[in-house]
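Close look at the chain arrangement
Given next are the chains, with one letter for each unit.
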Amino acid sequence: MDFWLVSALLTFAAILIVMLPLTRKDTVSVAEGEEDRSVYIQQLKEIDSDLARGLLDEQSAEQARLEISRRILKNDRRMTDAAAGAEGKATGAAEKKYLFSASDRWAIILVLLFIPAVSWGVYAAIGTPDLPAQPLAERKNTMIQDKSAAELIAQAEAHLAKTPDDGRGWAILAPIYLRIGRVDDAINAYRKALELLGDDVDRLIGLGEALTIKANGQVTEEALALFEKAGTIEPSDMRPPLMKARALLQAGKRDDAINVLQIILNTSPEDAQWRADIEQTIANLKSGGAAPSTAPSQATQTPAVQAPGPTAEDVEAAAALSEQGRKDMIRSMVDGLAAKLQDNPTDIDGWERLLRAYVVLGERDNAAEALRKAVKVLPENDGKRLTQVASRLGLDTTGVQK
């Protein structure tokens, strides 16, 4: 109601302002008409003078005379009307006449009333007058959340262009580059991060995976050396020996690859979800078959297959960027992961990353809601696993069930 009242008042005020000229009258006096006529007569004389001196040709002079004669006739008509209106009054009296004729005034009034009436009708039909107000701060937040990942990556790249020695910034961008398929950029970013920050398991494995992807899935000598170094730093990490087994298979050393996979199996927890895949891979290799796609090759999926979104390390390492840039990038990645999980709700690893990201962001309510949604769609074992992860993150899992 307030909206329509304000709109009506503003429309009424606008119409009044536009209609003001319709109420104005022009003042016409006989004395002023005589002065104007004297000026026109003087202009005719000047034309004759200019023609005699050769400043004007005959054609131009004739056109000028016609124009001035037209003005004299118009002025004479105004003087005649003023004289008629001033009859019985003192000499020099003036008559006021509207600037627009009666028919013109009515036409303008109808148009002025028609335009707002049509505008209101159209807005009432297709507009949203009840839309709540959007303060500037909220609009800015909405614009930030609507930014594409490409824009956020461009901001990070601009930051690194100014501060190329920011190792944590390169460490953040490297896995993102790999996820979106910019493999060469990922390799460069991983190398920068390793050079500036030193050896780290995730960075070593990340560079090895990027090199493997660039080589069309072949584990190169450099990539294998990186995996072996990562395994030395963190012997419990399963990824380096898996990649070593893959390299052995590619080199035709099937028995050596089986031994490596058997060691992984022997040292894996009894409830590890990958045990069945590795057991199946070993059985296939012993029978002379090929390793299934869920075996070692899974460690180096292409970016198009990998689940999107940030790991907990990505979120925590984002402190290398400015505060706003960090929030923008994390929010874009988390929202992208949440959207992907709607299309692929059985991705247990994706749900786990989403929970960790929400906890790091301090959005525990969102984490709890994501947990409830995930448990409803995941298989029972995966649901239990995710609930255990949530408990370790300090989330309340009371009442969480399928």
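Residues numbered from 1 in each chain as written. Predicted model: local features only at pLDDT ≥ 70, side-chain atom pairs only at ≥ 80, totals over all residues. Heavy atoms only, no water.

Defined as follows: UniProt positions are given in the numbering used here, feature names are shortened, and annotations may be inferred rather than shown by experiment.
The protein chain goes by Cytochrome c-type biogenesis protein CcmH in an unreviewed UniProt entry, where it is assigned to Pseudochrobactrum saccharolyticum. The heading Subcellular location (unreviewed entry) in the UniProt record of the protein chain holds the text "Cell envelope".

**Some details on unusual backbone geometry**
Which entries qualify depends on this criterion: The secondary structure listing takes helices from DSSP runs of H or I that are at least 4 residues long and strands from runs of E that are at least 2 residues long, numbered from the N terminus. Residue exposure (1.4 Å probe, protein chains only): buried if accessible area is under 20% of the type maximum, exposed if over 50%, otherwise partly exposed.
For asparagine 216, which is not glycine, the phi torsion reads 60° and is therefore positive. The residue asparagine 216 is located in the loop between α9 (201-214) and α10 (221-233) in this model. With relative accessibility at 71%, the residue asparagine 216 sits in the exposed group.

**Quick notes on the UniProt feature "transmembrane region" (unreviewed entry) in the protein chain**
Following the UniProt record, one finds the feature "transmembrane region" (unreviewed entry) at residues 6-23 and 106-126. A distance of 31 Å separates the end C-alpha atoms of residues 106-126, which is 100% helix and 0% strand.

**Let's talk about the pattern of salt bridges**
Formally: Whenever Lys or Arg places a side-chain nitrogen within 4 Å of a carboxyl oxygen from Asp or Glu, that contact is recorded as a salt bridge.
The full count for this structure, using the stated rule, is 18 salt bridges. Ionic pairing is found between aspartate 50 and arginine 53, a salt bridge with its closest N-O pair at 2.8 Å. Given a relative accessible area of 21%, aspartate 50 falls into the partly exposed group. Taking the shortest distance from any N to any O, the salt bridge between arginine 71 and glutamate 67 comes out at 3.1 Å. With arginine 71 and glutamate 67 both in helix α3 (residues 58-85) and four residues apart, the pair spans about one turn of that helix. According to the relative accessible area criterion, glutamate 67 is partly exposed, its value standing at 29%. Linked through salt bridges whose partners overlap, the residues forming this network are Asp48, Glu58, Glu62 and Arg65.

**Examining a nonpolar patch on the surface**
Threshold: Here a patch means residues that are over 30% exposed by relative accessible area and free of salt bridges, tied together within 9 Å if like-charged and within 5 Å if nonpolar (Val, Leu, Ile, Met, Phe, Trp, Tyr). Using a 1.4 Å probe, the Shrake-Rupley method yields the accessible areas, and only the shown protein chains count as cover for residues.
On the surface, a cluster of nonpolar side chains totalling about 580 Å² of accessible area is made up of Val111, Phe114, Ile115, Val118, Val122 and Ile126. In this fold, phenylalanine 114 is placed in helix α4 (residues 102-126). Judged by its relative accessible area of 55%, phenylalanine 114 is exposed.

**Some remarks on helix α7 (residues 167-179)**
Just so we agree on the cut-off: Expected helix span is taken as 1.5 Å per residue step, with the number of steps being one fewer than the number of residues.
For α7, with 13 residues, the first-to-last C-alpha span of 19 Å sits near the 18 Å given by 1.5 Å per residue. The buried fraction of α7 amounts to eleven of the 13 residues, a majority that puts the element mostly inside the structure. Positive backbone phi, approximately 90°, marks glycine 181, located one or two places after α7.

**Side note on the side chain of aspartate 237**
Heads up, the condition is: Here a polar contact is recorded for every N or O atom pair within 3.5 Å, except that within protein the pair must consist of a potential hydrogen donor and a potential acceptor, and residues adjacent in sequence are included only if both atoms are side-chain atoms. Throughout, a contact is declared for two residues whenever any of their heavy atoms are within 4.5 Å.
Mapped onto the elements, aspartate 237 comes out in the loop between α10 and α11 (239-250). Using a relative accessible area of 15% as the deciding quantity, one classes aspartate 237 as buried. For aspartate 237, the side chain forms a polar contact with the side chain of arginine 239, separated by 2.8 Å. Residues in contact with aspartate 237, not counting those within four places in the same chain, are Val201 and Ile205.

**Some words on the confidence of the model for the protein chain**
To keep things clear, this is the line we draw: Per residue, pLDDT captures the predictor's confidence, and it can take any value from 0 to 100.
Here the protein chain shows a mean pLDDT of 75. Residues at 70 or above account for 72%. Within the protein chain, helix α14 (residues 312-317) has the poorest average pLDDT of any element, 44, and helix α8 (residues 183-197) the best, 93. Low pLDDT, under 50, characterises residues 90-94; the predicted model gives this stretch eight contacts beyond four residues in sequence or across chains. Across residues 292-322, where pLDDT falls below 50, the model places 76 contacts with residues more than four positions away in sequence or in other chains.

**Some thoughts on the packing of α7 against α8**
Any two packed helices are characterised by the angle at which their axes cross and by the distance between the axes. Selection rule: Convention adopted: a line fitted to C-alpha atoms gives each axis, helices being fitted over their contacting stretch, and angles between N-to-C directions are expressed from 0 to 180 degrees. Orientation categories follow fixed angle ranges, with anything under 35 degrees roughly parallel, anything over 145 roughly antiparallel, 65 to 115 roughly perpendicular, and all other angles oblique. Left-handed describes a crossing in which the near helix is turned anticlockwise from the far one by less than a right angle; the clockwise case is right-handed.
Two numbers describe how α7 lies on α8: the axes approach to 8 Å, and their chain directions differ by 155°. Considered as vectors, α7 and α8 are oriented roughly antiparallel to each other. Between α7 and α8 lies a crossing of left-handed hand. For the pair α7 and α8, contact is made by Gly167, Arg168, Trp170, Ala171, Ala174, Pro175, Tyr177 and Leu178 and by Asp185, Ala186, Asn188, Ala189, Tyr190, Lys192, Ala193, Leu196 and Leu197, respectively.

**So, the nonpolar core**
This is how the line gets drawn: Nonpolar cores were defined as sets of buried Ala, Val, Leu, Ile, Met, Phe, Trp, Tyr and Cys residues, with membership established by side-chain atoms within 4.5 Å.
Of all hydrophobic cores here, the largest spans 32 residues; its most connected members are Leu173, Tyr177, Ile187, Leu207, Leu211, Val219 and Phe227. Those elements giving two or more residues to this core turn out to be α6 (149-162), α7, α8, α9, α10 and α11. In terms of residues, this core owes the most to one element, α7, which gives eight residues. In contact with isoleucine 187, other than residues within four places in its own chain, are Leu207, Ala210, Leu211 and Lys214. Counting 22 residues, the second largest nonpolar core, distinct from the first, contains Leu341, Ile348, Val389 and Ala390.

**A short note on the side chain of arginine 203**
Applicable threshold: Neither His nor the chain ends contribute to the count of charged residues, in which Lys and Arg are positive and Asp and Glu negative.
The topology assignment puts arginine 203 in helix α9. Of the side chains with opposite charge, aspartate 200 lies nearest to the buried arginine 203, which makes no salt bridge, at 4.1 Å. Residues contacting arginine 203, with those up to four places away along its chain left out, are Ala171, Tyr190, Ala193, Leu194, Leu197 and Gly198.

**What to know about the environment of aspartate 382**
As for its placement among the helices and strands, aspartate 382 is situated in helix α18 (residues 380-392). As for aspartate 382 and aspartate 347, which are separated by 35 residues in sequence, their C-alpha atoms are 9.3 Å apart.

**Brief notes about the UniProt feature "repeat: TPR" (unreviewed entry) in the protein chain**
Those residues carrying the UniProt feature "repeat: TPR" (unreviewed entry) are residues 167-200 and 348-381 in this numbering. In the segment residues 167-200, helix accounts for 82% and strand for 0%; the C-alpha atoms at its two ends are 12 Å apart.

**Thoughts on the environment of valine 334**
Locating valine 334 in the fold gives a position in helix α15 (residues 323-343). The exposure class of valine 334 is buried, given its relative accessible area of 0%. It is 6.9 Å that separates the C-alpha atoms of valine 334 and alanine 357, two residues lying 23 residues apart in sequence.

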